[in-house]
Amino acid sequence: MTTTTTLGELTGDHVLDSARTRIGFVARAAMISKVRGRFDDFEGTAHLDGDDPSRSGVRIVIRAGSISTGKQKRDDHLRSADFLDVGRHPTITFTSTKVRQVGETRFEVTGDLTVHGVTGPATVHFELTGAGNDPHGGPRAAFRGRAIINRKDWGVSWGGLLISEKVALELDVAATRRR
């Protein structure tokens, strides 16, 4: 990928490249070790305005049942009513309400996060990690993002002290501009 020299070159409508995007999470289990996981089925769109990032926006839809931690028994439990209750709440969504540039390539994206049927505010801290044209001439942008949420704020309260209330959401996003 070649390097874009200005944010203005990113302006346009983008779609997430699901083959090059990872949406994951990290939570402490038994207050000792970390459990890492990801969601394998999702889609998203973004409008980027490189000249005025505050006019940018993003929407991501994740199929909650696509959760994967590498352990089938744990994944089945996470899909159950104790956690995500995917039978009643098949999607997790994030729709931005505000984008603020906080550094040359850093942004705060605040929006409505819906998990387990509960919608609440969340802020994801993003950094532009690459931009330019892929080998086929298609404009691309890559971002790394992170947010810390309290799972209980979204009605996911099973586990007591066995599982940390705070969960880190981690995103490595690749987006392609629509032609």
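## Considerations on the overall build of the protein chain
Across its full length, the protein chain holds one helix and 11 strands. Listed by position from the N terminus, the elements making up the protein chain come as β-β-β-β-β-β-α-β-β-β-β-β. Against the compact-globule benchmark of 16 Å for 179 residues, the protein chain has a radius of gyration of 17 Å, which places it among compact chains. Taking all 179 residues of the protein chain together, the buried fraction comes to 46%. Averaging the coordinates of the 26 positive side-chain charges in the protein chain and doing the same for the 22 negative ones gives two points 6 Å apart.

## Side note on the pairing of strand E8 (residues 106-115)
Where strand E7 (residues 91-101) and E8 come together, eight bridges link them in antiparallel fashion. Each bridged residue has a counterpart across the sheet, and for Gln 101 the counterpart in E8 is Phe 107. The turn joining E7 and E8, which pair antiparallel and follow one another in sequence, is formed by four residues. Alignment of E8 against strand E9 (residues 118-133), held across 10 bridges, turns out to be antiparallel. Bridging from a neighbouring strand, Val 115 pairs with Val 118 of E9.

## Observations regarding the environment of Phe 83
As for its position among the elements, Phe 83 is in the loop between helix H1 (72-79) and E7. Classification of Phe 83 as buried rests on a relative accessible area of 7%. Linking Phe 83 and Gly 24, residues 59 residues apart in sequence, is a C-alpha distance of 16 Å. Setting aside its immediate chain neighbours within four residues, Phe 83 contacts His 77, Leu 78, His 116, Val 156, Trp 158 and Ile 163.

## Section: the nonpolar core
Among the nonpolar cores identified, the biggest contains 39 residues, and Phe 39, Ile 92, Leu 113, Leu 128 and Phe 143 are the most heavily contacted of them. When contributions to this core are tallied by element, the ones reaching two or more residues are strand E2 (22-29), strand E4 (42-48), strand E5 (57-63), E7, E8, E9, strand E10 (139-150) and strand E11 (163-177). Looking at which element gives the most residues to this core, the answer is E9, with five residues. Once residues within four sequence positions are removed from consideration, Phe 39 is found in contact with Ile 23, Phe 25, Ile 62, Arg 63, Ala 64, Ser 66, Ile 67, Leu 84 and Ile 92.

## Notes on the pattern of salt bridges
One pass over the structure, following the stated rule, counts 12 salt bridges. Taking the shortest distance from any N to any O, the salt bridge between Glu 43 and Arg 63 comes out at 3.2 Å. Pair noted here: Glu 43 is in strand E4 and Arg 63 is in strand E5, with a separation of 20 residues, a long-range link. A relative accessible area of 46% means that Glu 43 is categorised as partly exposed. Looking at Arg 63, the relative accessible area reads 25%, which means it is partly exposed. The partner of Arg 55 in a salt bridge is Asp 49, and the shortest N-O contact between them spans 3.2 Å.

## Brief notes about the environment of His 47
Topologically, His 47 is positioned in strand E4. For His 47 and Arg 59, which are 12 residues apart along the polypeptide, the C-alpha to C-alpha distance reads 9.2 Å. Here Asp 13 takes part through its side chain, which lies 2.8 Å from a polar atom of the side chain of His 47.

## A few points about unusual backbone geometry
The phi torsion at Asp 85 lies on the positive side, around 50°, for a residue other than glycine. You can see Asp 85 is positioned in the loop between H1 and E7. Take Asp 85: its relative accessible area is 10%, and that puts it in the buried class. Although it is not a glycine, His 116 sits at a positive phi angle of roughly 60°. By the secondary structure assignment, His 116 is in the loop between E8 and E9.

Scoring rules and cut-offs
Residues numbered from 1 in each chain as written. Predicted model: local features only at pLDDT ≥ 70, side-chain atom pairs only at ≥ 80, totals over all residues. Heavy atoms only, no water. Helix = DSSP H or I, 4+ residues; strand = E, 2+ residues; numbered from the N terminus. Rg over C-alpha atoms; globule rule 2.2 N^0.38 Å. Buried < 20%, exposed > 50% of the residue type's maximum accessible area, 1.4 Å probe, protein only. Lys, Arg positive; Asp, Glu negative; His and termini not counted. Charge placed at Lys NZ, Arg CZ, Asp CG, Glu CD. Pairing = 2+ DSSP bridges. Contact = heavy atoms within 4.5 Å. Core = buried A, V, L, I, M, F, W, Y, C linked by side-chain atoms within 4.5 Å. Salt bridge = Lys/Arg side-chain N within 4 Å of Asp/Glu carboxyl O. Polar contact = N/O pair within 3.5 Å; in protein donor to acceptor, adjacent residues only side chain to side chain.

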